[in-house]
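# Notes for the structure review
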Amino acid sequence: TSRASMMMIAGFLPFTAIYVELHYIFTSMWGHQIYTMFNVLFCAFVLLVIVTSAITVSLLYFQLSREDHRWWWSTFFNGGMIGFFLYAYSFYFYFFTSGMSGFLQASFYFGYMAIISFAAFLMLGSAGFSVSLIFVKYIYSRVKCD
């Protein structure tokens with residue numbers, strides 16, 4: 001598998017874990033509804049970090065088993081690819097659900113969603129990289145050289 005397909009897998013699988021919750025978050029942020037399920041949001045966030053980390057480590061294992069040892073940036077991008085899917089979902093929400101229109105609303109919405117998506121990219125990319133670094137240190141500390 002290529003790096004691009006691994007990155008798409010790494011972003012799509014965690015996105016499916018929070019897809020339903022995103023609708024409620026977007027309607028409370030950009031609509032006129034109040035979000036009240038903060039405990040569910042926290043559980044979804046924890047699930048997102050766990051799934052992102054597990055997928056990143058799994059893809060790192062496949063990469064290392066192919067003897068490709070340039071894993072530093074690929075794990076960061078694999079972990080952060082959910083930011084791309086988050087931004088893509090923001091286009092779906094804007095055009096099919098929100099009912100917003102006009103240049104000012106669109107620029108405001110897509111500007112803020114670009115910032116939020118980039119922040120998610122950095123946060124989850126860092127989480128994926130950190131867990132991958134722990135994984136690599138663990139597996140290479142167990143290697144015996146005789």
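None of the values given here were measured: they were computed from a predicted structure. Per chain, residue numbering runs from 1 following the sequence as it is written. In view of the model being predicted, local features appear only for residues whose pLDDT reaches at least 70, and side-chain atom pairs are presented and counted only at 80 or more, with totals across whole chains, interfaces and linings using the full set of residues. Each side-chain value is worked out from all heavy atoms of the structure, with water and hydrogens disregarded.

### Considering the layout of surface pockets
Note on definitions: the grid is 1 Å and covers protein atoms alone; a cavity is a set of points where a 1.4 Å probe fits but cannot get out; a pocket is an open set with protein on both sides within 12 Å along at least five of seven lines; lining residues have an atom within 4 Å of a point. Grid points are joined across faces, edges and corners, and a volume is the space filled by probe spheres set on the points. Estimated volume of the largest pocket: approximately 360 Å³. Put simply, DSSP H or I for four residues or longer makes a helix, DSSP E for two residues or longer makes a strand, and each gets a number counted from the N terminus. Elements with a contribution of two residues or more to the lining of the largest pocket: α1 (3–30), α2 (38–65), α4 (82–98) and α5 (103–141). Throughout this entry, Asp, Glu, Lys and Arg are counted as charged residues, while Ala, Val, Leu, Ile, Met, Phe, Trp, Tyr, Cys and Pro are counted as nonpolar. The remaining residues, Gly among them, count as polar. Taken together, the residues of the lining of the largest pocket break down into 16 nonpolar, no polar and one charged.

### Description of the packing of α2 against helix α3 (residues 72–80)
Helix axes are fitted only over the stretch in contact, all axes being lines through C-alpha atoms; the angle between N-to-C directions runs from 0 to 180 degrees. In contact at an axis separation of 9 Å, α2 and α3 are set at 145° when each is read in the N-to-C sense. Considering how the two elements wind past one another, α2 and α3 form a crossing that is right-handed. Where α2 approaches α3, its residues Thr 52, Thr 56, Leu 59, Leu 60 and Gln 63 are matched on the opposing element by Ser 74, Thr 75, Asn 78 and Gly 79. Crossings are classed by handedness, with left-handed meaning an anticlockwise turn of the near helix from the far one by less than a right angle and right-handed meaning a clockwise turn. Residues are treated as being in contact if the distance between any of their heavy atoms lies within 4.5 Å.

### Concerning α1
Two residues of an α-helix separated by three or four positions point the same way, owing to the 3.6 residues in each turn. With 28 residues, α1 should cover 40 Å at 1.5 Å per step; its first-to-last C-alpha distance of 34 Å lies more than 12% under that length. For every residue, the accessible area (1.4 Å probe, protein chains only) is compared with the maximum for its type, and the residue is labelled buried under 20%, exposed over 50%, or partly exposed between those bounds. Those residues of α1 that sit buried are Met 6, Ala 10, Gly 11, Pro 14, Phe 15, Ile 18, Glu 21, Leu 22, Phe 26, Thr 27 and Trp 30. Looking at the buried positions of α1, the neighbouring elements they touch are α2, α3, α4 and α5. Helix span, expected: 1.5 Å multiplied by one less than the number of residues in the helix.

### Regarding the packing of aromatic side chains
Geometrically, a pair of aromatic rings is defined through the distance of the ring centres and the angle of the planes. Classification of ring pairs rests on two measures: the distance between centres of Phe, Tyr or Trp rings, Trp counted by its six-membered ring, which must be within 6.5 Å, and the angle between planes, read as stacked under 30 degrees, edge-to-face over 60 and tilted in between. Taken as a whole and assessed by the stated rule, the structure comprises 32 aromatic pairs. Where Tyr 19 meets Tyr 89, the ring centres are 5.6 Å apart and the plane angle is 80°; that geometry is what we call edge-to-face. Of this pair, Tyr 19 sits in helix α1 while Tyr 89 sits in helix α4, and the two are 70 residues apart along the sequence. Note on Tyr 19: relative accessible area 39%, which makes it partly exposed. With a relative accessible area of 5%, Tyr 89 lands in the buried category. Here the aromatic rings of Phe 76 and Phe 121 are separated by 5.5 Å at their centres, their planes lie at 85°, and the arrangement is edge-to-face. Separated by 45 residues along the polypeptide, Phe 76 in helix α3 and Phe 121 in helix α5 bring together distant segments of the chain. Neither residue differs from the other here; Phe 76 and Phe 121 are each classed as buried. The structure contains a cluster of three or more aromatic residues connected by ring pairs, namely Phe 12, Phe 15, Tyr 19, Phe 26, Phe 84, Phe 85, Tyr 89, Tyr 92, Phe 93 and Phe 96.

### Some remarks on a nonpolar patch on the surface
Any residue with relative accessible area above 30% and no salt bridge may belong to a patch, with like charges joined within 9 Å and the nonpolar Val, Leu, Ile, Met, Phe, Trp and Tyr side chains within 5 Å. In this description, accessible areas are obtained by the Shrake-Rupley approach with a 1.4 Å probe, and a residue is regarded as covered only by the protein chains that are shown. Salt bridges are identified by distance alone: a Lys or Arg side-chain nitrogen within 4 Å of an Asp or Glu carboxyl oxygen. Among the surface-exposed residues, Tyr 19, Val 20, Tyr 24, Met 37, Val 40, Phe 91, Tyr 92, Phe 95 and Phe 96 lie close enough to one another that they form a single nonpolar patch of about 910 Å² accessible area. Residue assignment for the nonpolar patch shows that the elements contributing at least two residues are α1 and α4. Looking at which element gives the most residues to the nonpolar patch, the answer is α4, with four residues. Phe 95 sits in the exposed class, given a relative accessible area of 55%.

### With respect to the confidence of the model for the chain
Residue-level confidence of the predictor is summarised by pLDDT, bounded by 0 at the bottom and 100 at the top. Overall, the prediction assigns the chain a mean pLDDT of 90, with 99% of residues at 70 or greater. Looking across the chain, the model is least confident in α1, with a mean pLDDT of 88, and most confident in α5, with 94.

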